[in-house]
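The primary structure of each chain is shown beneath.
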Amino acid sequence: MVFDFGICVKDYATRGRENLFPRIEKCPHCQRQGKIIWYGFYSRWCQQVTIVIKRYFCKCCSKTFSLLPSFLCHRMSETVEVVESVLWNIEQGKSYRESREAIGRQDLSYQRLQYWRKRWQKKITQIRVLLPLKEMQKTLDIFEHLSSFFGLPQESGKLFEAANCYFSLNHDQVLL
C-alpha cells in the first residue's frame, strides 16, 4: 500500500518511527475490515539515508503488507521522481547516459536504468493486453485525475505523459 505523508525523504527519515502512520481498516489481500494490527518495521535505503517502513498484519488471512511512502517505488531504492525523470528522458529518445546527465545522477548504472525501462515496458504491455482499446483513454484519464487528486508534484505527470505517448504511438499496432 502507498500513503502520502506530505513530507520529503529527509523529513520522513528524521521522524523515523515517529511518523504519523495511519490505521488501516481494510486488508488489501482479503478485503476484510477491522482485523488489521501493526506488525513492526523494516529498514530501507533511499537517497543515502535509512528510512523505516511500517508493516501490518491481517488476522483474517494471516498475511502481512507494508505501507510505502508515496515518494518510493515498489522494490526500488530510488524515489518516484528520479525513476520518472529517467524514464521520461528515455521515452524522449535520449540515451541512458544522456538521461543520467539530464537529472544529474551519474551514479546510476546502465544496468539499473535498463532494468527500470524493461520493468516499465512490461507494466505498459500488461495494461495494454488487459484493457480493450476504447478503455485505454479512460484509464489514462483516471491516472491523471488521481495524480491531481492526491496533489502529486508536477514532475509526477511525466510518467503519465510517457504512457499517453506510448499508447498513441502504438495505437495502430493494437488495432491489427
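Coordinates for the structure precede this section.
Within each chain, residue numbers correspond to sequence positions counted from 1 in written order. Where local features are concerned, this predicted model is filtered to residues with pLDDT of at least 70; where side-chain atom pairs are given and counted, the filter is 80 or more; whole-chain, interface and lining totals use all residues. Side-chain metrics rest on all non-hydrogen atoms present in the structure, leaving aside hydrogens and water.

A. Expanded view of the overall build of the protein. The numbering of helices and of strands both runs from the N terminus, where a helix is a DSSP run of H or I of at least 4 residues and a strand a run of E of at least 2. When helices and strands are counted, the protein shows seven helices and four strands. Each helix and strand of the protein, placed in order from N terminus to C terminus, yields the pattern β-α-β-β-β-α-α-α-α-α-α. The buried share of the protein, taken over its 176 residues, is 35%. For this analysis, residues touch if any pair of their heavy atoms sits within 4.5 Å. Within the protein, contacts between residues at least 6 apart in sequence are counted, and of these 52% link residues at least 24 apart. All accessibility values rest on the Shrake-Rupley procedure with a 1.4 Å probe; residue burial counts only the protein chains present in the view. Total accessible area on the protein is roughly 11,200 Å²; 52% of this is exposed by carbon and sulfur atoms. Note on exposure labels: buried denotes an accessible area under 20% of the residue type's maximum, exposed denotes more than 50%, and partly exposed covers the range between, all computed with a 1.4 Å probe on protein chains only.

B. Up close: the pattern of salt bridges. Whenever a carboxyl oxygen of Asp or Glu lies within 4 Å of a side-chain nitrogen of Lys or Arg, that contact is scored as a salt bridge. Applying the stated criterion to the full structure yields one salt bridge. Ionic pairing is found between Arg105 and Asp107, a salt bridge with its closest N-O pair at 2.8 Å. Relative accessible area serves as the criterion here: at 51%, Asp107 is assigned to the exposed category.

C. Main features of the sheet that holds strand β2 (residues 36-46). Spatially, β1-β4-β3-β2 is the arrangement adopted by the four strands of the open sheet, whose pairing is mixed. Two strands close off the open sheet at either side, each with one partner strand: β1 (2-3) and β2. One bridge is not enough; two strands pair if DSSP finds at least two bridges between them. Relative to strand β3 (residues 49-58), β2 runs antiparallel, the two being bridged by nine bridges. Paired with Trp38 across the two strands is Tyr56, which belongs to β3.

D. Region of interest: helix α2 (residues 80-91). Here α2 spans 16 Å end to end across twelve residues, near enough to the 16 Å set by a 1.5 Å rise per residue. For α2, the full list of buried residues reads Val82, Val83, Glu84, Ser85, Val86, Leu87, Asn89 and Ile90. By definition here, a helix of n residues has an expected span of 1.5 Å times n minus one.

E. The arrangement of the packing of aromatic side chains in detail. Only Phe, Tyr and Trp rings take part, Trp by its six-membered ring, and two of them pair if their centres are within 6.5 Å. Stacked means planes under 30 degrees apart, edge-to-face means over 60, and tilted covers everything else. Under the counting rule described, the total for this entry stands at nine aromatic pairs. Ring geometry for Phe5 versus Phe21: centroids 5.6 Å apart, planes at 80°, classification edge-to-face. Residue Phe5 is located in the loop between β1 and α1 (9-15), and its partner Phe21 is located in the loop between α1 and β2; the two are separated by 16 residues in the primary sequence. The same class applies to Phe5 as to Phe21, namely buried. Look at Tyr39 and Phe57: their rings are 5.1 Å apart centre to centre, the planes differ by 25°, and that puts the pair in the stacked class. Taken as a pair, Tyr39 in strand β2 and Phe57 in strand β3 lie far apart in primary sequence, 18 residues in all.

F. Molecular detail of helix α3 (residues 96-103). All of the buried residues in α3 are Tyr96, Ser99 and Arg100. One face of α3 carries all of its buried residues, which in axial projection span an arc of 100°. Backbone geometry just downstream of α3 places Gly104 in the positive-phi region, at approximately 75°. Here, the arc refers to the directions that run from the helix axis to the C-beta atoms.

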